Amino acid sequence: MKIKLLLSFCLWLLTFLANGQTTVSGTVKDDTGQALPGVNIIVKGTSLGTTSDTEGKYAIAVPADGVLLFSFIGYKSQEVSIGDRTGVDVVLSPEVTSLDEVVVVGYGTQKRSNLSGSVAKLSAESYKDQPLLNTSSALQGRVAGVSVSNYSGAPGGAVKIRIRGANSITADNEPLYVVDGVALAGVGLSEINVNDIESMEVLKDATATAIYGSRGSNGVILITTKNGKTGAPKVEYNGFVSVVDPMKQYDLMDAQTYARIANLTSGAAVFADPGSFAGKSTNWQKEIFDRAITQSHQISLSGGSPDVKYFISGFTVNQNGVLLNTSQRKFGLRTNLQTNINKWISLGLNLYGARLNSHNNTDTGGKGNPVMSALTWAPTEPVMKDGTYNRFGISPIWSNPYMTIKERLSDNFSNVGVFNANLRFDLTDYLTFTTTAALNMNISKLAYLNNDYISSGNPGAGQSSSQSYTFQTDNILEFHKMFGQHDVTATAVVESTSNKAETFAAQGSGLATTSNGYNNLALNNTQSIASTYSNWALLSFVGRVQYAFNDKYLFTAAMRRDGSSKFQGANKWSMFPSVSAGWKLSNEAFVQNLDAFSNLKLRGGWGVTGNQAINPYGTLGLLAATTYSYGTNTLYPAYTIGNPSNPDLKWETTRQTNIGLDIGLLKGRINITADYYDKNTTDLLLATRIANYDGGGSLLKNVGKVNNKGLELAVEGVIIQTNDLRWSAAVNYFTNRNKVINLGPDSLVQRGTWGGGLMSAPIQVLQVGQPMSSFYLIPWEGVYQNESGVYKAGDARYTDTSGNGTIGLEDRIIVGSAIPKFQFGFNNTVTYKKFSLNLFIQGVYGNKIFNATYAATAVPTSDVKYPTLAEAADYWTPANTSSTWANPGSTNKSWVESTQFLQDGSYARLKNVSLSYQVDKSHLKFLSAKVYVSAQNLFTITNYKGFDPEASSTGSTSDSDGGIDLGAYPSARTYTLGAVLTF
């Protein structure tokens, strides 16, 4: 290090003697006297530059008569002529508002002040105080209208993201993710490194999303990754270590109580002496849940000159789950390069690759999984017996949860890449042309081994692999020119996208030996293989005009024409128009005279988007391969009618209207955004029944309609601002009312049955006039206090809604939905000198959860003979008439498919609390450092009786089903110690 410093000094001395340079130093502060770290300081007209340290101090060599340019995001740039001065202190003035902030929109950028659509920007600064492992956590609770639910707490577990509700019943409702201009297909949001992200723009209304046409109906999230900045090279390390704990446990019976209740339930002496189990209980929850450690490390190098800028980063994450034997490892590398080839040609190159290894994370919940088994296994049973696993107990019929979780082996390997190269030609000062070529790819493999413990007497193994390559080219011509008071921007785009995907699977059973794991499938006695191939393409033409008059009146119109290979004939092409207008009232004299608003803008828009989420060959008449003996003892290849020809199938279409209001108060210290939207999705892609005399089965048709409407409100501001103290806060609130308007020939469609053996019929339906994910259950009234007909005192009591005198599945009615009535987020950051405290609260209200896990512990079923829930032991008796739990010895049925197990899913959760301290270079000489401690999911306020009100077993891709907890993997409480070091 000393040699390096000496060489640097000699180089500086030679430069000084040769060029007559002098060293200028000083401090950069804001208008409140607060030091500004990270200010870019360059010698105008050169590539010489530096940045201010954590105390705002800087030093730089400047030639005679040099000019220094000071620039910092959110502040006005300032030029200072040096002359013969050696000390220059600078005060940067903040922009009056963020209105001149540049926002990324589809195929371009736009000043925030000129937006007439609904676009929300989330910068990395908003979540810098929360240690994150995935991008979805950055979005959760921070953007009005964006719903983020952690359906699985497994490492790298499933996350459900919806923008302004769900539009489609059968097609995908996931937003479109666009990273540095590349629309992801085959690569998910979870595979993008969150620490590489500079900002995210969320396009919510059709005015903003229609530019993406057939892929924009579910909203669009534009992700911009970090780029280098002019100045000296900067090395940054960002890392943390977390301790992860289970948040909650069920209150279950001890072994003695369990034995007593089992005898009562069965009406026989299942356990001869329940008292003999006193103090001998097995806590199965503690057997499968445990404390875990997570580590995340990233190092980046960035910098550049006015002509070449670079950002290079590498990361590694080692995440272990609170459920034993679950984990995820991932690592990756990013290189972003921007260079000016000459005055009118620039080149951009963004390369990203990552490797993800997930271990035993595919089980999001299901009957008999380790979570459900741990809650229902008899506490009278030992974990081990006779030196080996106690494979099966007295109840339930499922295998030992500890054995299952320790012995299962399921690995998922993914290699992902997002590559993007673009050339920009500045043809004139008002006309640019950009051409882009991009590839995003995902090569993955899933491998499993079912040993003799998992599949007794019949072990097996299998592997499946998939490859997805999506190629994209864009050619964008943009015109921007001012004509007096007229500001005109016109954009024309030609875009082509194609995807090729292949899958291959081989599996079998009767494995001769498990010593090779899943690496020698030929040892399977019975084997099967399968493979698929698909190829689809999309060709698009886009035109957009943005017009502003006198910086008061705004107008935007766009049209996109998409052609998809998935459809046939005239339905192959579709048009997606949009139009919006805005009025900057704050620039009108009558509003300015009020001296109340720094910003006041009214905006409104309408547009059409589409959804082409069907199989690439879903409209073609296909044959299905099978085998047939033709009256012999040999099977021969044969074919049956498969997918019927469906040339009339076309796009789902969403039409959306949006009205918004932007308000700025106190010279921009408080900013309010409000939006109301109403969107209708028609021509829904639904499976309709084919009459048996026509061959039976189903056929996709464009029938049905779904409506979503809601209100969004976001308020952010600086509450306190002094030299030493700053308190900023942001709160958002939004509602979404989802309603099924039409289902074609049906008015009610029952969904599938969950957890056969626990339930015997569907508990959710689609019904006209009701929201999606509606629950369909028998109303529960508690217990009978007196004998009534066939029912005895202490029997479970239900409402006979059908009026037929008996209780059955015909008594099911709509009793709520899994969709929340409203959601909110509240983020606070308080900075005092070098300390910073962040509190972030997120929550939902009004949604229902069917807790099938709770039901399995509470009432006898064919799968679980005896209840384990401690509450259920406090059952109704003549001496305990206040209890609502039925006598477990009752011979009348207790229905799981009832509202007894439908619970309130509302919650408010402290998502993050962190305290950080900034250590400056004056103490550490060669680096600045921020150290912090934080906690995530520290506490949750909820009436939900399960592990986690966020978790769900229905999967993140479904919206017709939702809010069913069938042993879902819960989220964890996390304690973190981290540091950010800048060299």
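Rules used in this analysis
- Residues numbered from 1 in each chain as written.
- Predicted model: local features only at pLDDT ≥ 70, side-chain atom pairs only at ≥ 80, totals over all residues.
- Heavy atoms only, no water.
- UniProt positions renumbered as here; feature names shortened; annotations may be inferred.
- Helix = DSSP H or I, 4+ residues; strand = E, 2+ residues; numbered from the N terminus.
- Rg over C-alpha atoms; globule rule 2.2 N^0.38 Å.
- Contact = heavy atoms within 4.5 Å.
- Expected span 1.5 Å × (residues − 1).
- Buried < 20%, exposed > 50% of the residue type's maximum accessible area, 1.4 Å probe, protein only.
- Pairing = 2+ DSSP bridges.
- Core = buried A, V, L, I, M, F, W, Y, C linked by side-chain atoms within 4.5 Å.
- pLDDT = per-residue confidence, 0-100.
- Salt bridge = Lys/Arg side-chain N within 4 Å of Asp/Glu carboxyl O.
- Phe/Tyr/Trp six-rings, centres within 6.5 Å; stacked < 30°, edge-to-face > 60°.
- Lys NZ or Arg CZ within 6 Å of the ring centre and 35° of its normal.

Under an unreviewed UniProt entry, the name given to the chain is TonB-linked outer membrane protein, SusC/RagA family, and the organism recorded is Ohtaekwangia koreensis. Word for word, the UniProt comment on the chain under Subcellular location (unreviewed entry) is "Cell outer membrane". Regarding the chain, the UniProt comment filed under Sequence similarities (unreviewed entry) reads as follows: "Belongs to the TonB-dependent receptor family."

**Some words on the overall build of the chain**
Helix and strand counts for the chain come out as ten helices and 55 strands. Taken against the 2.2 N^0.38 rule, which gives 30 Å for 983 residues, the C-alpha radius of gyration of the chain at 31 Å falls within 12% of a compact globule. Excluding contacts between residues fewer than 6 apart, the proportion of contacts in the chain whose partners are at least 24 apart in sequence is 68%.

**With respect to helix α4 (residues 255-266)**
For α4, built from twelve residues, the straight-helix expectation of 16 Å at 1.5 Å per residue is met to within 8% by its first-to-last C-alpha distance of 16 Å. Restricting attention to buried positions, one finds in α4 the residues Ala 255, Tyr 258, Ala 259, Ile 261, Ala 262, Asn 263 and Thr 265. At the exit of α4 stands Gly 267, carrying a positive phi of roughly 70 degrees.

**What about the pairing of strand β48 (residues 835-845)?**
Bridge count between strand β47 (residues 822-832) and β48: eleven bridges; the pairing is antiparallel. If you follow Thr 831 over to β48, its bridge partner there is Ser 836. In textbook terms, the turn of a hairpin is the stretch between consecutive antiparallel strands, and for β47 and β48 this stretch comprises two residues, one of which, Lys 833, has a positive phi near 55 degrees. When β48 meets strand β51 (residues 907-919), the two strands line up antiparallel, connected through ten bridges. Looking at the pairing, Ile 841 lines up with Leu 910 of β51.

**Some thoughts on the environment of Asp 290**
Relative to the elements of secondary structure, Asp 290 occurs in the loop between α5 (284-288) and β18 (292-304). Distance from Asp 290 to Asn 827, taken between C-alpha atoms, is 30 Å for residues 537 residues apart in sequence. Once residues lying within four places of it in the same chain are set aside, the contact partners of Asp 290 are Val 244, Pro 246, Val 322 and Leu 324.

**Focus: the nonpolar core**
By size, the foremost hydrophobic cluster in this structure holds 57 residues, and its most contacted members are Phe 850, Trp 885 and Phe 901. The set of elements that each furnish at least two residues to this core consists of α4, α5, α6 (370-376), α7 (401-407), β43 (774-777) and α9 (852-858). If we skip the residues at most four places from it in the chain, Phe 850 touches Met 759, Ile 763, Phe 775, Leu 777, Val 896, Ser 898, Phe 901, Leu 902, Gly 963, Ile 964 and Asp 965.

**Some details on the sheet that holds strand β10 (residues 119-123)**
The sheet built from five strands is open, its strands ordered β10-β15-β16-β13-β14 with mixed pairing. Looking at which strands have only one partner, the edges of the open sheet turn out to be β10 and β14 (182-183). Relative to strand β16 (residues 220-225), strand β13 (residues 176-179) is paired through four bridges, and the arrangement is parallel. Considered in β16, the bridge of Tyr 177 is made with Ile 221.

**Observations concerning unusual backbone geometry**
Across the junction of Ser 395 and Pro 396, the peptide omega takes the value 0 degrees, indicating a cis bond. In this fold, Pro 396 is placed in the loop between β23 (388-389) and α7. The backbone phi angle of Asp 386 is positive, close to 55 degrees, even though this residue is not glycine. Relative to the helices and strands, Asp 386 resides in the loop between β22 (384-385) and β23. Backbone geometry places Tyr 630, a non-glycine residue, at a positive phi of 55 degrees. Within the secondary structure layout, Tyr 630 lies in the loop between β32 (623-628) and β33 (636-641).

**Digging into the confidence of the model for the chain**
Residues with a pLDDT of 70 or more make up 96% of the chain, whose mean pLDDT is 91. Here helix α1 (residues 2-19) is the element of the chain with the lowest mean pLDDT, 43, and strand β50 (residues 902-904) is the one with the highest, 98.

**Considerations on the environment of Gln 338**
Along the polypeptide, Gln 338 turns up in strand β20 (residues 327-340). A sequence separation of 27 residues divides Gln 338 from Phe 311, and the C-alpha atoms of the two residues are 9.0 Å apart.

**Overview of the pattern of salt bridges**
Two side chains that carry opposite charge are able to pair once their charged atoms sit near each other. Applying the stated rule across the entire model yields 31 salt bridges. For Asp 129, the salt bridge is made with Lys 128, and the minimal N-O distance between the two is 3.5 Å. Between Asp 662 and Arg 603 there is a salt bridge; the shortest N-O distance is 3.0 Å. With Asp 662 in strand β34 (residues 652-665) and Arg 603 in strand β31 (residues 597-611), this pair connects stretches of sequence that are 59 residues apart. You'll find Asp 662 and Arg 603 in the same group, each marked buried. Each of the salt bridges in this network shares a partner with another, and the network as a whole consists of Glu 125, Lys 128, Asp 129 and Lys 930.

**Quick notes on the packing of aromatic side chains**
According to the stated counting rule, one finds 27 aromatic pairs in the structure shown. Ring geometry for Tyr 58 and Phe 70: centres 5.6 Å apart, planes at 80 degrees, overall edge-to-face. Residue Tyr 58 is located in strand β4 (residues 57-62), and its partner Phe 70 is located in strand β5 (residues 67-71); the two are separated by twelve residues in the primary sequence. For the pair shown, Tyr 58 and Phe 70 are each scored as buried. Connected via pairs of aromatic rings, a cluster forms that spans Tyr 250, Phe 289, Tyr 854, Trp 885, Phe 901 and Phe 947. A cation over a ring is seen here: Arg 142 above Phe 840, with NZ or CZ 4.1 Å from the ring centre.

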